[in-house]
Amino acid sequence: MISLNNISMRYGSKELFDKVSLRVAGKDRLSLVGSNGAGKSTLLKVIAGMISSDEGEVAISRHTTVGYLPQEGIRFMGKTLYDEVYSSAGDINKIQEEMRQIENEMSEFEDTSTDEFMDLVYEYGELQERFQMLDGFRLKSKIEKILIGLGFFEKDFDRMTNEFSGGWQMRIALAKLLLTNPSILLLDEPTNHLDIESLIWVENYLMNYQGAIVLVSHDRSFLDNITQRTIEISLGNVTEYSGNYSFYRTEKEIRKELQENQFNNQQNYLRQQEKFIERFRYKASKAKAVQSRIKLLDKVDWIEIEDEESTVSFTFPPATHSGKTSIELSGVTKKL
Ligand SMILES: Nc1ncnc2c1ncn2[C@@H]1O[C@H](COP(=O)(O)OP(=O)(O)OP(=O)(O)O)[C@@H](O)[C@H]1O
Ligand SMILES: [Mg+2]
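Small disclaimer: the values here were computed from a predicted structure and weren't measured.

A. Local environment of the sheet that holds strand β2 (residues 14-24). Taking strand neighbours across the sheet as the criterion, the three strands line up as β2-β1-β4 in an open arrangement whose pairing is antiparallel. The open sheet terminates on both sides in strands that have one partner only, identified here as β2 and β4 (55-60). Put simply, the sheet's adjacent strands are angled 20 degrees from each other on average, direction ignored.

B. Geometry of the site of ligand 1. As a structural note, the neighbourhood of ligand 1 is formed by Tyr11, Lys14, Leu16, Ser35, Asn36, Gly37, Ala38, Gly39, Lys40, Ser41, Thr42 and Gln71. Between ligand 1 and Gly37, the relevant distance is 2.8 Å, taken from an oxygen atom to a main-chain nitrogen or oxygen of the residue. Here an oxygen atom of ligand 1 sits 2.5 Å away from a polar atom, N or O, in the side chain of Thr42. Looking at the shell around ligand 1, the elements with two or more residues in it are β2 and α1 (40-48). At three residues, α1 tops the list of elements feeding residues into the shell around ligand 1.

C. Inspection of the pairing of β2 at higher detail. As paired strands, strand β1 (residues 2-11) and β2 are joined by seven bridges and run antiparallel to one another. Bridge assignment links Ile2 to a residue of β2, and that residue is Val24. Between β1 and β2, which pair antiparallel one after the other, the connecting turn spans two residues, and Gly12 there sits at a positive phi close to 60 degrees.

D. View of empty space enclosed by the protein. For the structure on display, the rule yields one cavity of 30 Å³ or more. Roughly 40 Å³ of internal volume is contained in the largest cavity. Residue lining of the largest cavity: Phe152, Phe153, Asp156, Arg159, Phe164, Trp168 and Leu336, and that is the complete set. A per-class count over the lining of the largest cavity returns five nonpolar, no polar and two charged.

E. Representation of the side chain of Asn181 within the structure. Inspection of the secondary structure puts Asn181 in the loop between α6 (166-180) and β6 (184-188). Overall, the relative accessible area of 12% leaves Asn181 in the buried class. Contact partners of Asn181, with chain neighbours within four places excluded, come to Glu129, Arg130, Met133 and Tyr209.

F. Quick look at helix α7 (residues 196-207). Over its 12 residues, α7 runs 16 Å from end to end, which matches the ideal 16 Å to within 8%, given 1.5 Å per residue. Among the residues of α7, those classed as buried are Ser198, Leu199, Trp201, Val202, Glu203, Tyr205 and Leu206. Two or three places before Glu197, at the opening of α7, Asp195 has a side-chain oxygen 3.2 Å from that residue's backbone nitrogen.

G. Structural detail: the sheet that holds strand β3 (residues 29-33). Taken together, the six strands give an open sheet; going across it, the order is β5-β6-β7-β3-β8-β9, and neighbouring strands pair in mixed fashion. Among the strands making up the open sheet, the edge pair consists of β5 (66-69) and β9 (237-241). When strand polarity is set aside, the average angle formed by the axes of neighbouring strands in this sheet is 15 degrees. Taken together, the four bridges between β5 and β6 define a ladder with parallel strand orientation. Across the sheet, Tyr68 pairs through a bridge with Leu186, a residue of β6.

Rules behind the numbers
In every chain, residue numbers begin from 1 and rise along the written sequence. Lettering of chains starts at A and numbering of ligands starts at 1, both following the order in which they are written. At least 70 in pLDDT is required for a residue's local features to be given in this predicted model, at least 80 for side-chain atom pairs to be given and counted, and no such filter applies to totals for whole chains, interfaces and linings, which use all residues. Where side-chain values are given, they derive from all heavy atoms of the structure, hydrogens and water being excluded. DSSP bridges decide pairing: two strands pair if at least two such bridges lie between them. Labels follow the DSSP assignment, with helices taken as runs of H or I lasting at least four residues and strands as runs of E lasting at least two, numbered in each case from the N terminus. Here, axes are lines fitted to C-alpha atoms. For helices the fit covers the stretch in contact, and angles between N-to-C directions go from 0 to 180 degrees. When we say a residue is near a molecule or strand, we mean one of its heavy atoms is within 4 Å of it. Two N or O atoms form a polar contact when they lie within 3.5 Å of each other; inside protein one atom must be a possible hydrogen donor and the other a possible acceptor, and for residues adjacent in sequence the pair counts only when both atoms belong to side chains. Put simply, the grid is 1 Å and covers the protein atoms alone, a cavity is a trapped set of points that fit a 1.4 Å probe, a pocket is an open set with protein on both sides within 12 Å along at least five of seven lines, and lining residues have an atom within 4 Å of a point. Grid points are joined across faces, edges and corners, and a volume is the space filled by probe spheres set on the points. Gly is placed with the polar residues, together with every amino acid not listed as nonpolar (Ala, Val, Leu, Ile, Met, Phe, Trp, Tyr, Cys and Pro) or charged (Asp, Glu, Lys and Arg). For the exposure calls, accessible area comes from a 1.4 Å probe over protein chains only, and a residue counts as buried if that area is under 20% of its type's maximum, exposed if over 50%, partly exposed in between. The contact criterion used throughout is that any non-hydrogen atoms of two residues lie within 4.5 Å. Multiply 1.5 Å by the residue count of a helix minus one, and that product is the helix's expected span.

Structural data, given as structure tokens:
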């Protein structure tokens, strides 16, 4: 389990989020949504422990393993594709050691109905699964299954990783992550470089994933199929919605309408009161009434409507006609 407590973060004068608290555990399925530059990747990096927040704390429970796929900047070199993925299988002895440790702890429990005991059982189950997966023959077939699922061919397995282009580097990183099977998977735009077949494969894989997933993606149906909670980051505010992306859109629209209605009612009320105050402010006989209305206005909790996040509007000028031959290539080769 990971819990974020009152996390605040700013870059220069831009406040990304203020006092965010969040808990990710078990089989939670979250997405982080928000416009470009809202802070999705930053929040994911904070959860992953890659960067520290300005304020607040991130607590991670013992035995929780976290896997993080960054949005960009992935580059592997020095190994073949298969060996690179294999190398992330980790130390099987270490897992065995942890399992022994938990067995010892469990044997000391007198009351096996407590939450603490159940936590240990859960952790043990996770370790057992990882152990089985990494075990000998299973490991090889698992690696192959993941690589093929992500769109690699068998003939790619012995190629050096640096021969693969940027999008394929992301797939290598994803393959490594899926193989290690962490209890919390943090994925920053994993769909960006996937073709439709691999995308469907990843979607299915994640739908059946045994751990928690925190996802950033612009693919709405991917989000809808995988996530069950949506965290919106907008203008420094973080709001949680208890459903997938479609639920979030509908709910947001309803909340917005409701808020606009309340805002309009409040503004009408304000105008009426201001009219009254303006009209009678110099009339001695009404001085008390005017004062009490001013006091009343002071006490109102005024609703603020957030401006829509700025949208960019642009048009493409009509393209001028190209010559008869647009591009001419000769002696071109391409390797994947
Ligand atoms: N290391 C940094 N130093 C200064 N500013 C940063 C740094 N990292 C991010 N920012 C700024 O913080 C804001 C949030 O960035 P972040 O990458 O988290 O956004 P995002 O929601 O992931 O955007 P996108 O949808 O484009 O991936 C942006 O304005 C970005 O320029
Ligand atoms: Mg980002």
